[in-house]
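Survey of secondary and tertiary structure
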Amino acid sequence: MVIGIDIDETITNTHDEALKYVKKYAPNLKFNDYCDDIKNKDVKAFLEVHAYNIQKNLTLKPFVKEAFNMFKEHGYKIVIITARGYNLNYDYEKASVEMLEKYDLPYDEIYYKQNKKGKLAKKLNVSYFIDDKEKVLDDVKEYGIQTIWYTNEKKESKHLIFNNWLDIANYIIERSN
């Protein structure tokens, strides 16, 4: 089985780390969402300077490492599909790999610059795709892939909703046996 997983705000606390940098280096910058605010030229300029350090110093969401290890113990392939590098010019590959190595997160492949992830996920035979953005999951679901929305939102959705990585891992494992 192949599990597709996003990075920012799915397995990492990207927004919180970015806010630390905004407060320290650009306290007057209007910044609400790491991904959506990139359309603002001032935010984009700020992130092009600081994204590498923000991303290599990220912390993991609770139980991410345990979930990844559970997936590997069951023989699943983990492919990371991220939009990193899509809108910003910085060494996103190095920052990503350094962060993954820092936490010793097992993964098999990583794909960058993937704003629309469904087509690639289908090509890679992904069974489950996990992301924090509902609009990304909408695209993935169109390719017949089971989608999991990692969020704290409490609303109706066509995607499975989880806010705990151990629950995600257990759900997938239970359904694949």
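The coordinates are above.
Keep in mind that what you see is a predicted model, and the values were worked out from it rather than measured.

Points about the sheet that holds strand E1 (residues 2-5)
Pairing is parallel in the open sheet, where 6 strands are placed in the order E3-E2-E1-E4-E5-E6. With one partner strand each, in any of the chains shown, strand E3 (109-111) and strand E6 (160-162) form the two edges of the open sheet. Taken pair by pair, the neighbouring strands of this sheet meet at an average axis angle of 25°, ignoring direction. Where strand E5 (residues 146-150) lies against E6, 3 bridges are found, and the strand directions are parallel. Across the sheet, the residue bridging to tryptophan 149 is isoleucine 161, located in E6. Its contacts with the sheet put helix H7 (residues 165-176) on E1, strand E4 (126-131), E5 and E6, and the angle it makes with E4 is roughly 165°.

What about the packing of aromatic side chains?
Enumeration over the complete set of coordinates arrives at 7 aromatic pairs. Here a set of aromatic residues connected by ring pairs shows up, and it is made of Phe68, Tyr150 and Trp165.

Some remarks on the pattern of salt bridges
Scanning the model with the defined rule gives 13 salt bridges in all. Among the salt bridges present, the one from lysine 72 reaches aspartate 108, with a minimum N-O distance of 2.7 Å. Of this pair, lysine 72 sits in helix H3 (residues 64-73) while aspartate 108 sits in the loop between helix H4 (92-102) and E3, placing them 36 residues apart in sequence. Between lysine 94 and glutamate 98 there is a salt bridge, with its nearest N and O atoms 3.9 Å apart. Remark: glutamate 98 and lysine 94 occur in helix H4; sequence separation between them is 4 residues, near one turn of the helix. Overall, the relative accessible area of 42% leaves lysine 94 in the partly exposed class. Under the relative-accessibility criterion, glutamate 98 is labelled partly exposed at 26%.

Cut-offs applied
Residue numbering note: each chain is counted from 1, following its sequence as written. Only residues with pLDDT of at least 70 get local features here, since the model is predicted, and only at 80 or more are side-chain atom pairs given and counted; chain-wide, interface and lining totals rely on the full set of residues. Only hydrogens and water are set aside when side-chain values are computed; all heavy atoms of the structure are taken into account. Any two strands are treated as partners once DSSP identifies two or more bridges connecting them. To qualify as a helix, a DSSP run of H or I must reach at least 4 residues; to qualify as a strand, a run of E must reach at least 2; elements of each kind are numbered from the N terminus. The axes are straight lines fitted to the C-alpha atoms, using for helices just the contacting stretch, and the angles between their N-to-C directions are given from 0 to 180°. Residue contacts are defined here by distance: any two heavy atoms, one from each residue, within 4.5 Å place the two residues in contact. Here the aromatic set is Phe, Tyr and Trp, taking the six-membered ring for Trp, and pairing holds for ring centres within 6.5 Å; pairs whose planes are under 30 degrees apart are stacked, those over 60 apart are edge-to-face, and all others are tilted. By convention in these notes, a salt bridge is any Lys or Arg side-chain nitrogen within 4 Å of a carboxyl oxygen on Asp or Glu. Only protein chains enter the accessibility calculation, which uses a 1.4 Å probe; a residue is then buried when its area is under 20% of its type maximum, exposed when over 50%, and partly exposed in between.

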